[in-house]
Amino acid sequence: GAGEVHIAATVHGFSQALSDTRPDLVLLSIAENAALALDLAGDLVRRNIPFIFISTDDLLNNAPEFSAVPVVRKPVTTGGLIAAIKKAAPLLLRR
């Protein structure tokens, strides 16, 4: 199970959390500002931090560089989240 869970509701909160700790896995929700979420995703890639996108639609169709990142569609179900975490597991093990 998870030892610690941190929630960042804003970009500033997210940036602060990344400066304070190195997460094992990030759930990155894509809301109205997909470009901002993709910038944050690029930062996670550069830092070698595994992540999962959470999205309501197919905003990632225009971002082929993230095609290997697991995506969970909103509304999030337990099964969908578990499947995405299992898909991300090899990335967690490589760290």
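This report concerns the structure included in the present document. (Residues numbered from 1 in each chain as written. Predicted model: local features only at pLDDT ≥ 70, side-chain atom pairs only at ≥ 80, totals over all residues. Heavy atoms only, no water.)

What follows deals with the overall build of the protein. Per the secondary structure count, the protein includes three helices and three strands. Along the protein, helices and strands appear, N-terminal first, in the series α-β-α-β-β-α. Taken over the C-alpha atoms alone, the protein extends approximately 30 × 30 × 25 Å along its principal axes. Across the 95 residues of the protein, 29% fall into the buried class. Long-range contacts, defined here as pairs at least 24 residues apart, represent 51% of the contacts in the protein between residues at least 6 apart. Only carbon and sulfur atoms are counted for the fraction: they give 56% of the accessible area of the protein, which is about 6,400 Å². (Helix = DSSP H or I, 4+ residues; strand = E, 2+ residues; numbered from the N terminus. Buried < 20%, exposed > 50% of the residue type's maximum accessible area, 1.4 Å probe, protein only. Contact = heavy atoms within 4.5 Å. Areas by Shrake-Rupley, 256 points an atom, 1.4 Å probe, with all protein chains shown as cover.)

Looking along the chain, the bond that leaves Lys 74 and enters Pro 75 is cis, with omega of -5°. Among the structural elements, Pro 75 can be located in the loop between β3 (71-73) and α3 (78-94). Phi at Asn 48 is positive, roughly 60°, even though this residue is not glycine. In this fold, Asn 48 is placed in the loop between α2 (34-46) and β2 (51-55). By relative accessible area, which is 51% here, Asn 48 ends up exposed.

Within the open sheet, the three strands sit side by side as β1-β2-β3. Their pairing is parallel. Edge positions in the sheet fall to β1 (26-30) and β3, since each has one partner strand and no second. Here the average twist between neighbouring strands, direction ignored, is 25°. Here β2 runs beside β3; their pairing, made up of three bridges, is parallel. By the bridge assignment, Ser 55 is partnered in β3 with Arg 73. Running over the sheet, α2 touches β1 and β2 and is turned about 160° from β1. (Pairing = 2+ DSSP bridges. Axes fitted to C-alpha atoms, helices over the stretch in contact; angles between N-to-C directions.)

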